[in-house]
Structure formats: C-alpha cells, structure tokens
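Spelled out, the chains give:
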Amino acid sequence: MTSSTTNVVYWGTGRRKTSVARVRLTPGKGEIVINGRPGDHYLNFNPAYISAVKAPLKTLGLSESYDVLVNVYGGGLTGQSDAIKQGAARALCELSLDNRKALKVEGHLSRDPRAKERRKYGLKKARKAPQFSKR
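Residues numbered from 1 in each chain as written. Predicted model: local features only at pLDDT ≥ 70, side-chain atom pairs only at ≥ 80, totals over all residues. Heavy atoms only, no water.

Q: I'd like a rundown of the overall build of the chain, residues and numbers included.
A: Scanning the chain from terminus to terminus reveals 4 helices and 5 strands. Taken from N to C terminus, the helices and strands of the chain fall in the order β-β-β-β-α-α-β-α-α. Relative to the globule expectation of 14 Å for 135 residues, the C-alpha radius of gyration of the chain, 19 Å, shows a markedly less compact shape. Its C-alpha atoms put the chain at 80 × 30 × 30 Å along the principal axes. With 135 residues in all, the chain has 33% of them scored as buried. Here the contacts in the chain between residues at least 6 apart in sequence split such that 68% fall between residues at least 24 apart. Charge centroids of the chain, computed over 26 positive and 10 negative side chains, lie 17 Å from each other. (Helix = DSSP H or I, 4+ residues; strand = E, 2+ residues; numbered from the N terminus. Rg over C-alpha atoms; globule rule 2.2 N^0.38 Å. Buried < 20%, exposed > 50% of the residue type's maximum accessible area, 1.4 Å probe, protein only. Contact = heavy atoms within 4.5 Å. Lys, Arg positive; Asp, Glu negative; His and termini not counted. Charge placed at Lys NZ, Arg CZ, Asp CG, Glu CD.)

Given below as structure tokens:
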C-alpha cells in the first residue's frame, strides 16, 4: 500500500475557557475556514483574533503552506480564537516533533487555565456582595 501525500491531514484539539476547537491542517495555500465560514468573517475582522489564530503557523514560517479547517463551539470569540491557536499548535507538533520546541518557547502549546469563577450563595456574582445597609 502506498499513501498519498495529498490526503495528509493533521489534527489538534485546543481549549480555552469554555471553548473547544478541533483543528485540521491540510496542505494548501494558507486559507482559514472556521465552522464553514472564512476565518476573517467569523472573527469579525478583528486583527487580534486573526493574528492569534495564525501565530503558530507564523512561528514556524508555514502560514502559506497549510490550510486551517476548524470546528469550534462554546464561549465567545476570545476563547475560541485562543482555542484555535492551541489546536493548530498541537496539529503542527503532529506534523513534526521538531516543531514542538519552537512552539513551546512561544507559549502556543500551553492551555490558559483562567476561567470564570463560580458564583457563591449570598453574593450577586463570584465576589460582589449586596449593598450593606447599616440601618
């Protein structure tokens, strides 16, 4: 059996806050498709979100070599863009283990553990207390 290089697909899963992104890298021209829509449209043309998604590919100089196809759900655009970034970095590690060191140094492989703190009883939010009345 011979494997064709045109059908090579690399997968990576990224998470941030409540967002989960399943990222698929395929050889291509550098297009980004998120949930069936062009990446720029999905991310509302926000340069911070777009650069976050492209960061792992730029780190390795592969931004014009691979297409990024993403299924993402949960959370908002900030969490989703960071989840896509981590998923793309993990997929690039699957491509070659030599990529891991460069991505690790840039911080693309580590999951950001910050999430919303839970609400406590007797409070309005996680830490906001109701107004105190002396009388």
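What follows picks up the thread again.
Q: Got a sec to walk through the nonpolar core? Specific residues and values, please.
A: Counting residues in hydrophobic clusters, the biggest one holds 26 residues, and the most contacted among them are Ile-34 and Val-70. Listing elements by their share of this core, those giving two or more residues are β2 (19-27), β3 (32-34), α2 (47-60), β5 (66-73) and α3 (77-95). Ranked by the residues each element gives to this core, the list is headed by α3, at 7 residues. Contacts of Val-70, omitting those with residues within four sequence positions, involve Ala-21, Arg-22, Val-23, Val-33, Ile-34, Asn-35 and Ile-84. (Core = buried A, V, L, I, M, F, W, Y, C linked by side-chain atoms within 4.5 Å.)

Q: Please provide a residue-by-residue account of the pattern of salt bridges, values included.
A: Counted under the stated rule, the structure contains 5 salt bridges. One salt bridge in this structure joins Arg-16 and Asp-82, with 3.5 Å as the shortest N-O distance. Pair noted here: Arg-16 is in strand β1 (residues 10-16) and Asp-82 is in helix α3, with a separation of 66 residues, a long-range link. A residue is classified by how much of its surface remains accessible, and Asp-82, at 23% relative accessible area, is partly exposed. Note that Arg-127 and Glu-117 form a salt bridge whose closest N and O atoms lie 3.1 Å from each other. Linking Arg-127 in the segment after α4 (99-106) with Glu-117 in the segment after α4, this pair joins segments that are 10 residues apart in sequence. Residue Arg-127 is classed as exposed on the basis of its relative accessible area, which comes to 68%. Overall, the relative accessible area of 36% leaves Glu-117 in the partly exposed class. It is possible to trace a salt-bridge network through shared partners that takes in Arg-16, Asp-82, Asp-112 and Arg-114. (Salt bridge = Lys/Arg side-chain N within 4 Å of Asp/Glu carboxyl O.)

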